[in-house]
Amino acid sequence: MRAWWITLLALGGLRRHPLRVLLTVLGVTIAAGSLYSMVGFALGLQRQAEAPFEKLDLLKNIEVWVHADSDHDPDDPDAPAGPDDAETDNEEAPTSQAELDAEPEEKLVLDDALLATIQEIPEVAAAYPQFRLGRVQLRYEEKKQRCMAIGAPRELGLVGAGLELLVAGQFFDLSADKVQVLISEPMVKSLGLASPGDAVGKVVTLEASGLAPRKGDEKAFEFQTQELSATIVGVYEPPQPAIGPLANTLVLPVDVMKDIPGVAFGLRGPGRMGPDGPPEGYSRAIVRVKHTSDLLHVVDQLKEMGLRCRTAVDRLDELRTFFVFLDVLLAAVGTVALVVAALGIINTLLMAVLERYQEIGTYKAVGASDGDVVVLFLTEAVLLGFLGGLGGLALGRVVSYGLEIGINIYARGQGVEAPMVFFNFPTWLSLTTVAFATLMAILAGVWPALRAARIDPIRALRGE
C-alpha cells in the first residue's frame, strides 16, 4: 500500500509543473530516440551485410588457392602478403640443403584434375573454379544491359545451393545441350520483360570481350569478342540491398564460362605473366561442403594437399567484429545525449525540492522516514526516465521510417527498384533503451533525493 501512495504522490508532484516536466521528458525522449535509432541503424547494416551469407548459404563454401600464390592476398592477386599470411601458413622456409632436397619437385597446380580429386572427398558436395567476369553485355531484342557474370557448376542445384533465391524457373538442367543462364530479378525489367515468369524460356544474347588464349598457342593471348545465345532458365532474387553489380549479375555454367574471353586470363593471374606465359591452372576455386559441421575437417584435408584456404566463416567473424565496434561507438554517442538529458532531470528535481520544502517537512513530521522521501523523489525520476524512454522508441521509429522513405525515393531515382531496409529494431534493443533511460534517470535523481531526505522538518515547518 505504501508503494501505491508513494507513486500517487510522485505523480501529484510532477503534475504541479507540467511544462517543466514536459520539457524534461522531451529531453530524455530525444536522447533515448537518438540512442535507439543509431544502434538500430548499425544493427540494420549488420543484417544487410550478413544477408548474403545466409541466403546464399556461403557458410559451406571454402575458397582455396595454391601455395605458389601465397605471396598474394586472396582478395587481391597483385597485393603482397602481409604478416597474417605468413602466420597462416604455419610453415618455415627451409634452412638447410637437406630440407631443400626433400621438397617435392612437382609443382601443385589448381586445375581440373585436382578439383576432381577434391570432389572425391566424402564431405565435399562440389568443387569448381571461381569464375567472375565484369563488363558483359546482355541483349534481348532492342534492350541492352551491362552486367557481371559468375560461374556455377550445373550440379550445384542438386545440393540445394541458392534454390531458395529462385522466384521463377529452375536451376541449370543437366541434360540440356543449349547454353543456359540465370538472371537477377532487377534485370527482368531492364530487358523489357513483363515478369520473372515471362522471362523464363526467352533467348538472350551475351557479348563479352577480353584477352583469351590464341588458337594453337596457349602461351600467347589476344583480344577477342564473343557472342553467344543463351536461354533463360531461371530468375533469382539477389540479396538485399541489391545495388550495382549485386543487382545486375547473371549466372552461367562453369563449362560455358571457361571459353568466354577474359575469363581464362583473369583467373590465371593478370600482371603475373612470365616468359613462359601465364601460370597453369586456376588462381582460385570454391569447395562446397555438404554440411557446415564438415567445414573444419575438409579444411584440414585441403591444407594437407598443399592448398591454402579461407572460409566464409572467417569473413563473417571479421564482419561481426567491425559491427560490434560500430555498435559500441554509436551507443557511446547516444549515452552522451542521455547524460545531458540526465542533467535536465537533476535540475527539475532540485527545483521540486526547493519548491516543496515545507511539504517535505510535513511528510517527515507525520512519520515519513528519510528512506520514504528518497523513494518518493526516485520514483519521480523513474517516471521521467520511463516516459522519456517510451517516447524515445516512438521518436526513433518515426525518424528511421522517414529516413528509409527518403533513401528509397532517392534509390528509385537512381534505378534501384528493390526496397531497402536500413534499420533493425529487435525486442531486446527496445527493452534495453527504455531500461537504460530509466537507469540514467534514477542515477540523476539520487542527489536531489538525498538532499530532500536531509531536510529538517522543524525548520521546514517554521518556513526557515
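*Asks:* Looking at this model, I keep getting lost on the environment of Ala 453. Mind explaining?
*Replies:* Along the chain, Ala 453 falls in helix H14 (residues 427-453). Leaving out residues up to four positions away in the same chain, Ala 453 has contacts with Lys 364, Asp 370, Val 373 and Val 374.

*Asks:* Quick question: what am I supposed to make of unusual backbone geometry here?
*Replies:* If a residue is not glycine, its phi is most likely negative; likewise, a peptide bond is most likely trans. Despite not being glycine, Glu 141 shows a phi value in the positive range, around 55°. Mapped onto the elements of the fold, Glu 141 is located in the loop between strand E5 (132-140) and strand E6 (143-152). With a relative accessible area of 64%, Glu 141 lands in the exposed category.

*Asks:* Got a minute to help me understand the pairing of strand E11 (residues 249-253) in this structure?
*Replies:* For a regular strand, side-chain orientation follows a simple rule: the groups alternate between the two sheet faces. E11 sits mainly inside the fold: five of its five residues count as buried. Side chains Thr 249, Val 251 and Pro 253 of E11 all project onto a buried face; the interleaved residues Leu 250 and Leu 252 project onto the opposite face, where all are buried too. Inspection of the sheet shows E6 paired to E11 by five bridges, in the parallel sense. Bridged to Ala 152 within E11 is Pro 253.

*Asks:* I keep staring at empty space enclosed by the protein and nothing clicks. Help me out?
*Replies:* A full pass over the atoms with the stated rule returns two cavities of 30 Å³ or more. One number sums up the size of the largest cavity: a volume of about 90 Å³. As for the largest cavity, its lining consists of Gly 13, Leu 14, Arg 16, His 17, Arg 20, Val 21, Thr 348, Leu 349, Ala 352, Glu 355, Arg 356 and Glu 380. At the level of elements, helix H1 (2-15), helix H2 (18-55) and helix H11 (312-355) are the ones that each hand at least two residues to the lining of the largest cavity. Broken down by class, the residue content of the lining of the largest cavity amounts to four nonpolar, three polar and five charged. Taken as a whole, the second largest cavity spans an internal volume of roughly 50 Å³. Elements that contribute at least two residues to the lining of the second largest cavity include exactly strand E9 (203-214) and strand E10 (217-236). Of the residues in the lining of the second largest cavity, the class split is seven nonpolar, one polar and no charged.

*Asks:* Quick question: what am I supposed to make of a nonpolar patch on the surface here?
*Replies:* On the surface, Leu 19, Leu 22, Leu 23, Leu 26, Ile 30, Leu 395, Val 399, Leu 403 and Ile 407 cluster together into a nonpolar patch covering about 800 Å² of accessible area. Elements that contribute at least two residues to the nonpolar patch include exactly H2 and helix H13 (370-413). When residues of the nonpolar patch are assigned to their parent elements, the largest contribution, five residues, is made by H2. Note on placement: Leu 403 falls in helix H13. On the basis of relative accessible area, Leu 403 is assigned to the partly exposed category, the value being 46%.

Thresholds, definitions, all that
Residues numbered from 1 in each chain as written. Predicted model: local features only at pLDDT ≥ 70, side-chain atom pairs only at ≥ 80, totals over all residues. Heavy atoms only, no water. Helix = DSSP H or I, 4+ residues; strand = E, 2+ residues; numbered from the N terminus. Contact = heavy atoms within 4.5 Å. Buried < 20%, exposed > 50% of the residue type's maximum accessible area, 1.4 Å probe, protein only. Pairing = 2+ DSSP bridges. 1 Å grid on protein atoms, 1.4 Å probe; cavity = no way out; pocket = protein on both sides within 12 Å on 5 of 7 lines; lining within 4 Å. Points joined across faces, edges and corners; volume = space filled by probe spheres on them. Nonpolar A, V, L, I, M, F, W, Y, C, P; charged D, E, K, R; others polar. Patch = residues over 30% accessible without salt bridge, like charges linked within 9 Å, V, L, I, M, F, W, Y side chains within 5 Å. Areas by Shrake-Rupley, 256 points an atom, 1.4 Å probe, with all protein chains shown as cover. Salt bridge = Lys/Arg side-chain N within 4 Å of Asp/Glu carboxyl O.

The values reported here are purely geometric and, on their own, carry no functional implication.
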